Amino acid sequence: MMEDADLDQTVVKHAEDTDLHLNQTRWWVASAALPMVAGTLGPVASAFSICALVKPWRQHILPNSDVTKAVFIHDPSWLLAINAVQLVIAVVANFFLLLNMTKRVRFSIAQPITIVGWYISAILLISLCATASGPLLLHPEIEYVWSQAFYYGLFAAIIYFIVASLMVITVWGAQLGHYPRDFELTMSQRTLMLQTISFLTYLLVGALVFSHVEGWLYLDAVYWADVTLFTIGLGDVPLQTKLGRGLMIPYALIGITTLGLVIGSIRSLMLDRGKSRLDARMLEKKRRRIVRRLMGSSKGEVLGPVGGKEAGPHPESESHGSAKGPNKAELERRQKEFQLMRKIQDQTSKRRRWTAMAVSTTTWAILWLVGAKIFQVSEAPYQGWSYFDGIYFSFQAMTTIGYGDMTPVSNAAKAFLVFWSFLALPTLTILISNAGDTVVKGVRDTTMLLGNITILPGERGYRMDIKHFLSRLSFGVLFSEDAIQESPPGFLGAAQPHSDDDEDEDIDEDEDGEGVESARGDFTSQNNKGQGPCRDALSSQDPSSADSNGSHLRRLISSKMNAIRRNAGQYEKEKIEQTSKTSVPDHLPETGATYRLVLIDEIRRVSKHLQHSPQRRYTYKEWAWYLKLIGEDESDKSTHGTPIKDPQSAKDQEKPRQPGGHGDKVDERPKWSWVGYRSPLMDTRDEAEWILDKLTRKLQEELQAAVQEKAAEDGAGSVDDMERRGRAGS
């Protein structure tokens, strides 16, 4: 059994977790995204360092020959030694970063080693590249060129410097206390790192095998392997042997599959995790702007409780059914506030999608156009490429069309194509995904909308589809959201036809599940009315003895299920009439056993919503029902407040919410608003996850109270027995 102190600490910790969007979303890039990028690009830099070490850095183009037949010039021994040392240092730095992310080595030890190691490798490689392009440069320059190994060393130096700088930002944020020093990597993040290392190892080892089979230079084999696994297929380095052609089939099949997994992991992390954090940050900014604008206008009354501040705490009684009658004015105001927050969410989500589309399009365009320029400059001395030729070739390579009519021959262009492909193709994948969320989604929604109002009416009905169409066309002027009625929550909504969004979420084809849903509704309605055998039977039971009478309760539920099936038509009619009179249930079950049964049933329903994609969004009536279940009455304005303009300053002044009745602690319920920073809609979790967490906590409290009550009764009975035995003995 959980102790009271443990329960209090759990609730306080959860109250602190709900404020994550105020601080950690700002630093999510530094705490999670930058280490992930560094952990992914670090092995890429090490792979390029290996390529920079295997061959000399200079080549001589013989007379009456071309650059493809240039011979190597041996490098000084000190250059090879320094190059080997920087590779060892870089590998050690990568290894310590991996150990830190897997929590094998402490942050304070691993990060200095990683950052210093990468900076040393970058400085050494930059120094070697400067030396090779200066004192080691031979004349005439037209006959002496840098090899692919030189360019791989240059690219490795750039990547080392970038990832080391990214880790400096991460350490700086941790030192300021904005996030923990330990990396909390998810399984997908660890998988991405391992997939990247596996793919690079597979590419380099495969290049080594094919270089021996086909008699190629190793770096030419690396270029061929990159063009093959990225499905560019230029055809400028063809396979000549039957053994090579036979090995290519399994090599390409495994490599392309591995690359697809890597790109899929990058897309998932950038679009899914990045989307949620970016959404939370943009939502907070949008919410603050709306609150400031409304509070400075005549429409600010929608943000404050009806009648001003409510004196006195939230009323609670020992009975679950002793709630006051609903304050309809306050309930309507809260519904408007909820709808305002929904509009803020929708506008923020739309802006985030188009922002992501703009960023990915800009990044893709930069890689395309800048890459085209680099290809043009590299190939101009040998093939006379113009900038348009560079644009044409880079577009072929980025989209993996690969006609093969234009191929690079220079060392710089070949090495750059390998480096560039690691950035360009994942960027194109993310661009296509973002286009699916914006442009493609808009075309699809428009097509479905036109079909619903013409030849393919939807399940909502022709009139409802027309209202939705006119509302979207007029931006809500002709038909507001209030005119389009939403389904009521729980058992009340089961009696009405559902919309497209709710139908597949609330219908349970399982016969037993349907019976429990109906039985729950009849339980609550009978208890509210104070009629029927269900209430009498349950009221006569002791809540603490619910387990011993479980079979009786199940038989009672079964009988009510049969009665409901026999009177299905009348049952639906009564529920629709009840829905037309009130927006949420007036009362909760009066007995503890029935209340816990309703909690368990709702937990089962909400658990199914966790599997929905996209995530389940609840209506206001559903939220009002679930909040009432956990002790928050939407019609009671004692816990309703005006949203705070600056939550950062107010957060330090407010005390966390404490469960009442334990020691010196007072049940302090902070006033909250649907458009405030304490709003459930501002939480970083899904709505179903938030509701499920609250319902399970409430059920835990109820069960704990029942156990304590039972223990107290047993203790009192033991004392009475001892007193009776004492009197009998005397």
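So, how was this worked out
Residues numbered from 1 in each chain as written. Predicted model: local features only at pLDDT ≥ 70, side-chain atom pairs only at ≥ 80, totals over all residues. Heavy atoms only, no water. Core = buried A, V, L, I, M, F, W, Y, C linked by side-chain atoms within 4.5 Å. Buried < 20%, exposed > 50% of the residue type's maximum accessible area, 1.4 Å probe, protein only. Contact = heavy atoms within 4.5 Å. Phe/Tyr/Trp six-rings, centres within 6.5 Å; stacked < 30°, edge-to-face > 60°. Helix = DSSP H or I, 4+ residues; strand = E, 2+ residues; numbered from the N terminus. Lys NZ or Arg CZ within 6 Å of the ring centre and 35° of its normal. Axes fitted to C-alpha atoms, helices over the stretch in contact; angles between N-to-C directions. Left-handed = near helix turned anticlockwise from the far one by under 90°. Pairing = 2+ DSSP bridges. Patch = residues over 30% accessible without salt bridge, like charges linked within 9 Å, V, L, I, M, F, W, Y side chains within 5 Å. Areas by Shrake-Rupley, 256 points an atom, 1.4 Å probe, with all protein chains shown as cover. Salt bridge = Lys/Arg side-chain N within 4 Å of Asp/Glu carboxyl O. Lys, Arg positive; Asp, Glu negative; His and termini not counted. Charge placed at Lys NZ, Arg CZ, Asp CG, Glu CD.

1. Describing the nonpolar core
Now for step 1: Counting residues in hydrophobic clusters, the biggest one holds 95 residues, and the most contacted among them are Phe-48, Trp-57, Trp-118, Tyr-152, Leu-417 and Trp-420.
Now for step 2: Those residues in contact with Trp-57 that sit more than four places away from it in its chain are Ala-52, Asp-75, Leu-79, Asn-83, Leu-128, Cys-129, Ala-132, Val-145, Trp-146, Ser-147, Ala-149 and Phe-150.
Now for step 3: Core analysis: the second largest hydrophobic core is formed by 33 residues, Ile-290, Leu-294, Ile-344 and Val-675 among them.

2. Quick word on the packing of aromatic side chains
Now for step 1: If you walk through the whole model with that rule in mind, you get 34 aromatic pairs.
Now for step 2: Note on Phe-199 and Phe-230: the rings are 6.0 Å apart at their centroids and 90° apart in plane angle, and the pair reads as edge-to-face. Of this pair, Phe-199 sits in helix H7 (residues 187-214) while Phe-230 sits in the loop between helix H8 (218-229) and helix H9 (242-295); the two residues are 31 residues apart in sequence, bridging distant segments of the chain. Note on accessibility: Phe-199 and Phe-230 belong to one class, buried.
Now for step 3: Between Phe-375 and Trp-420, the aromatic rings sit 5.5 Å apart at their centres with planes inclined by 90°, giving edge-to-face as the arrangement. With Phe-375 in helix H10 (residues 328-383) and Trp-420 in helix H12 (residues 411-437), this pair connects stretches of sequence that are 45 residues apart.
Now for step 4: Accessibility expressed as a relative area gives 3% for Trp-420, which makes it buried.
Now for step 5: In this structure, Arg-334 is placed above the aromatic ring of Trp-672, and the distance from its NZ or CZ to the ring centre is 4.3 Å.
Now for step 6: Above the plane of the ring of Tyr-223 lies Lys-414, whose end atom (NZ or CZ) is 5.5 Å from the centre.

3. Here's the deal with the packing of H8 against H12
Now for step 1: It is at 10 Å that the axes of H8 and H12 come closest, and there the two elements cross at 35°. Along this stretch, H8 crosses H12, giving a crossing that reads as left-handed. On H12, the residues that touch Asp-220, Tyr-223, Asp-226 and Val-227 of H8 are Lys-414, Leu-417, Val-418, Ser-421 and Phe-422.

4. Thoughts on the sheet that holds strand S2 (residues 71-73)
Now for step 1: The antiparallel open sheet is built from three strands, whose spatial order is S2-S1-S3. Taken across any chain shown, the strands that pair with only one partner, and hence form the sheet edges, are S2 and strand S3 (144-146). Taking each pair of neighbouring strands and ignoring which way they run, the sheet shows an average axis angle of 40°.
Now for step 2: Bridge count for strand S1 (residues 58-60) against S2 is three bridges, and the pairing is antiparallel. Along S2, the bridge assignment pairs Arg-58 with Ile-73.

5. Side note on a positive patch on the surface
Now for step 1: A surface patch of positive charge is lined by Lys-285, Arg-289, Arg-292, Arg-293 and Arg-351.
Now for step 2: Counting residues per element, the positive patch draws most heavily on H9, at four residues.
Now for step 3: Of note, Lys-285 is situated in helix H9.

What is shown is where atoms sit, not what they do.
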